[in-house]
Amino acid sequence: MVISMISPNRQHTHGVKTVVVPAAGMGTRFLPATKTVPKELLPVVDTPGIELIAEEAAQLGATRLAVITAPNKQEVLAHFGEFPLLVETLTERGKDEQVAKVKRAGELIQPIAVEQERPLGLGHAVGLAESVLDEDEDAFAVMLPDDLVLPMGAVEEMAKVRAELGGTVLCAIEVPREETYNYGVFEIEEVSGLDRDDVKRVRGMVEKPDPEDAPSNYVATGRYLLDRAIFDALRRIKPGKGGELQLTDAIALLIEEGHPVHVLVHHGGRHDLGNPGGYIKACVDFGLRDPKYGPSLRGAIEEILVNFDAEKAARAAE
Ligand code: G1P
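Note that the coordinates shown come from a computational prediction; the quantities given were computed from them, not determined experimentally.

Parameters at a glance
- Residues numbered from 1 in each chain as written.
- Predicted model: local features only at pLDDT ≥ 70, side-chain atom pairs only at ≥ 80, totals over all residues.
- Heavy atoms only, no water.
- Core = buried A, V, L, I, M, F, W, Y, C linked by side-chain atoms within 4.5 Å.
- Buried < 20%, exposed > 50% of the residue type's maximum accessible area, 1.4 Å probe, protein only.
- Helix = DSSP H or I, 4+ residues; strand = E, 2+ residues; numbered from the N terminus.
- Contact = heavy atoms within 4.5 Å.
- Near = heavy atom within 4 Å.
- Polar contact = N/O pair within 3.5 Å; in protein donor to acceptor, adjacent residues only side chain to side chain.
- Areas by Shrake-Rupley, 256 points an atom, 1.4 Å probe, with all protein chains shown as cover.
- 1 Å grid on protein atoms, 1.4 Å probe; cavity = no way out; pocket = protein on both sides within 12 Å on 5 of 7 lines; lining within 4 Å.
- Sits in = over half its atoms within 2 Å of the grid points.
- Nonpolar A, V, L, I, M, F, W, Y, C, P; charged D, E, K, R; others polar.
- Points joined across faces, edges and corners; volume = space filled by probe spheres on them.
- UniProt positions renumbered as here; feature names shortened; annotations may be inferred.
- Axes fitted to C-alpha atoms, helices over the stretch in contact; angles between N-to-C directions.
- Parallel < 35°, antiparallel > 145°, perpendicular 65-115°, else oblique.
- Arc of directions from axis to C-beta.
- Salt bridge = Lys/Arg side-chain N within 4 Å of Asp/Glu carboxyl O.
- Pairing = 2+ DSSP bridges.

1. Here we look at the nonpolar core
Counting residues in each nonpolar core, the largest one holds 36 residues, and the members touching the most others are F140, L170, F186, Y224, L226, I230 and I251. Broken down by element, the residue count for this core peaks at six residues, all from helix 8 (residues 247-256). Here Y224 is in contact with L122, F140, A141, V142, L144, M158, V169, L170, L247 and I251, once residues within four sequence places are set aside. Listed in part, the 35 residues of the second largest apolar core include I53, V76, A141 and V155.

Dropping the structure here:
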């Protein structure tokens, strides 16, 4: 496999060598597309979500991407391959820009496939990554490919928090209380003596509670900086919400046992690529910012809106 092209002195700058990417889900919210195309390969403009995650991991200074896949989802790893015939053909035709696009994923980071034979939950998927870690890795990151946390760099900030406070650091966003049932929800308290107010101590965590039972409206978004102690906790939890082994329950167990867990509250943007509604928004957002497609997309969106509103008004007048 191709080894990361980032310069050695930038590697592991934040103490994170491995980023774990759970990508074994069936993508049921994206059917029929996901009958043959894993949702992690659906493009945002022209780049699959998995490559955006690889870019974020490489930027963090990580050198290994442990991709947890289902047995029938080998295409996700294949995206990091070398494609010699394609490169040769494009090179002969002088298409250098496209050659760079073909090579980019494999040059960003070294992917490692970890197979999850059965869909037993996020906690189970993360637990499988233990076999990939070196003995000296005290912590590792998890990036959920459904979540784009923007601007990139949340885990760098979380690593600074871990350097100061130790333990495990998670990424929180605030959502309306009625939406908390979609997430792992934090019970938090202020940390005294810190010169920043975007870091809170986590006193408990519960997976997808009913909104009336949610301990707060701070919820987990898909970036985790986990202490290695999580593996031991993952071995001791029982199936939880939805009958699955939940990462949230292992984190809750660590907290109960006195392990320090903090959140960094993210105030930037976020896209949920895991469902068509969120995915379309992400495509529009990234598309508008794209130097090649942005300007005409803006005009096209305005035209679509004018036509859409006119049709609606005409229908209302009938
Ligand atoms: C997972 C986690 C949940 C977290 C969410 C963030 O849920 O279990 O705690 O808040 O990701 O996107 P999922 O969205 O996979 O159901």
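2. Notes on the site of the ligand
In the vicinity of the ligand, the contacting residues are L122, L144, D147, Y183, G184, E207, K208, A220, Y224, Q246, T248 and R270. Measuring from an oxygen atom of the ligand, one finds a backbone N or O atom of A220 at 2.7 Å. Protein chains shield 76% of the accessible area of the ligand, which is 380 Å² for the free molecule. Judged by the proximity of its atoms to the pocket grid, the ligand belongs to the largest pocket. When the residues that make up the shell around the ligand are grouped by side-chain class, the tally is five nonpolar, three polar and four charged.

3. Digging into the layout of surface pockets
Of the pockets and cavities examined, the largest pocket occupies roughly 1,200 Å³. Looking at the largest pocket, it is lined by 39 residues, and the ones nearest its centre are R29, K39, L122, D146 and K208. Sorting the residues of the lining of the largest pocket by element identifies strand 1 (18-23), helix 5 (122-127), strand 10 (199-207), strand 11 (218-227), helix 8 and strand 13 (269-272) as the ones contributing at least two each. No other element matches the four residues that strand 11 contributes to the lining of the largest pocket. A per-class count over the lining of the largest pocket returns 15 nonpolar, twelve polar and twelve charged. Computed from the structure, the second largest pocket encloses a volume of approximately 400 Å³.

4. Quick word on the UniProt feature "domain: Nucleotidyl transferase" (unreviewed entry) in the protein chain
What UniProt calls "domain: Nucleotidyl transferase" (unreviewed entry) maps, in this numbering, to residues 20-283. Across residues 20-283, helical content stands at 31% and strand content at 27%; the span's end C-alpha atoms are separated by 24 Å.

5. So, the packing of helix 9 (residues 276-289) against helix 10 (residues 294-317)
Across the interface, helix 9 lies against helix 10 with an axial gap of 6 Å and an inter-helix angle of 130°. Of the possible angle classes, the one that applies to helix 9 and helix 10 is oblique. Here helix 9 contributes V284, G287 and L288 to the contact with helix 10, which in turn contributes G294, L297, R298 and I301. Split into classes, the residues belonging to the contact of helix 9 with helix 10 amount to four nonpolar, two polar and one charged.

6. With respect to helix 7 (residues 229-236)
Among the residues of helix 7, I230, F231, A233 and L234 are the ones counted as buried. Each buried residue of helix 7 sits inside an arc of 165° when the element is viewed along its axis, so together they form one side. Each element contacted by the buried residues of helix 7 is listed here: helix 5, strand 6 (139-143), strand 11 and helix 8.

7. What to know about the pattern of salt bridges
Between side chains of opposite charge, a pair can form as their charged atoms come close. Within the structure shown, the criterion is met by 25 salt bridges. A salt bridge links E40 to K73, with the shortest nitrogen-to-oxygen separation between them at 2.9 Å. Taken together, the residues span a long stretch of sequence, with E40 in the loop between strand 1 and strand 2 (43-44) and K73 in the loop between strand 4 (64-69) and helix 2 (75-78) at a distance of 33 residues. The class of E40 is buried, set by a relative accessible area of 4%.

8. What about empty space enclosed by the protein?
Taken as a whole, this structure holds two cavities of 30 Å³ or more when the rule is applied. Around the largest cavity, the lining residues are K39, E40, L42, G49, P145, D146, L273 and Y279. Estimates place the volume of the second largest cavity at around 30 Å³. Taken together, V161, E164, L165, L194, R196 and V199 form the lining of the second largest cavity.

9. Focus: the pairing of strand 4
Counting buried residues along strand 4, six of its six residues qualify, which places the element largely inside the surrounding structure. Taken together, the six bridges between strand 1 and strand 4 define a ladder with parallel strand orientation. Within strand 4, the residue paired with V19 across the bridge is L65. By the bridge criterion, six bridges tie strand 4 to strand 5 (residues 110-115) in an arrangement that is parallel. For A66, the partnering residue across the bridge sits in strand 5 and is I112.

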